[in-house]
Amino acid sequence: MRRLAVVALATAFLLSGLIEAKAAWFGSKKKATTDQAVQTQAAGQVAQKEQAVKKEPAKMSDRAKEESEKARKALMERRLNELDNTEWQIELTPLSGKGKKESDAILFKNKQVSIFNFSKKGFPSTNFTLTVQPDGNIVWETMQTSDKSGIAFWRGEMDATMQKMSGILSHQIDDKTKQDFSFVSIGKKSVPVSGN
């Protein structure tokens, strides 16, 4: 489009030169006035083409953004389906350095997450958010609440192959007691699909 605008502008200048020469040859003032009108019209057309060129990238940008968003949503849906019906064995380590490591298991099933030992403490299965990072890593997060055991905030990150996971658990037992853990996966398996 830019080349077309340059060619149109050059043509306008050439035409204006030819028109001026023709006007001088015939000595017609009326012809010169007509030439100015032609030049003005040509300049207006060039300006319109330049405006069209400026608008075109914005349209393409919107289309590109729309396509990118569709691809991102499709990727998230695919990753969510890949994660569903998997069980991850994890090892929890207290961030304080006090206490011993604990084993647990995280189950992703029916688009929800549950943690086995925390289920025993009254934490139900919950929905979770899933985000695919630009580097392909996957982040999931959830908050679980229990009447008797407080609030648990989970944040896990998986590599792009979805074979390894690490993360953080912050367990707010009550207003005064909080325990923070890091965790890593030590195993992963698929679980049978059920209607529940």
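All values reported here derive from a predicted model rather than from experimental measurement.

Each value, and the rule that gives it
- Residues numbered from 1 in each chain as written.
- Predicted model: local features only at pLDDT ≥ 70, side-chain atom pairs only at ≥ 80, totals over all residues.
- Heavy atoms only, no water.
- Helix = DSSP H or I, 4+ residues; strand = E, 2+ residues; numbered from the N terminus.
- Contact = heavy atoms within 4.5 Å.
- Areas by Shrake-Rupley, 256 points an atom, 1.4 Å probe, with all protein chains shown as cover.
- Phe/Tyr/Trp six-rings, centres within 6.5 Å; stacked < 30°, edge-to-face > 60°.
- Buried < 20%, exposed > 50% of the residue type's maximum accessible area, 1.4 Å probe, protein only.
- pLDDT = per-residue confidence, 0-100.
- Pairing = 2+ DSSP bridges.

This part covers the overall build of the protein. Secondary structure summary: the protein contains 3 helices and 8 strands in total. Along the protein, helices and strands appear, N-terminal first, in the series α-α-β-β-β-α-β-β-β-β-β. A separation threshold of at least 6 residues defines the contact pool for the protein, and within that pool the share at least 24 residues apart is 43%. Accessible surface, the protein: about 13,100 Å² in total, of which carbon and sulfur atoms supply 56%.

We now examine the packing of aromatic side chains. This structure, assessed with the given rule, holds 5 aromatic pairs. Look at Phe118 and Trp154: their rings are 5.4 Å apart centre to centre, the planes differ by 80 degrees, and that puts the pair in the edge-to-face class. With Phe118 in helix 3 (residues 116–120) and Trp154 in strand 6 (residues 150–158), this residue pair connects regions lying 36 residues apart in the sequence. Taking relative accessible area as the criterion, Trp154 reaches 2% and is therefore assigned buried.

A few words now on the confidence of the model for the protein. Per-residue pLDDT for the protein has a mean of 80; in total, 68% of the residues score no lower than 70. Note on residues 4–10: pLDDT is under 50 here. Beyond four places in sequence and across chains, it has 5 contacts.

With that out of the way, let us pick up the pairing of strand 2 (residues 102–109). Pairing of strand 1 (residues 86–94) with strand 2, which is carried by 7 bridges, proceeds in the antiparallel orientation. Each residue of the ladder has a partner; that of Glu87, found in strand 2, is Leu107. As defined by bridge partners, strand 2 adjoins strand 3 (residues 112–115) across 4 bridges and the pair is classed as antiparallel. Paired with Leu107 across the strands is Ser114, a residue of strand 3. Linking strand 2 to strand 3, which pair antiparallel, is a turn of 2 residues; within it Asn110 sits at a positive phi near 55 degrees.

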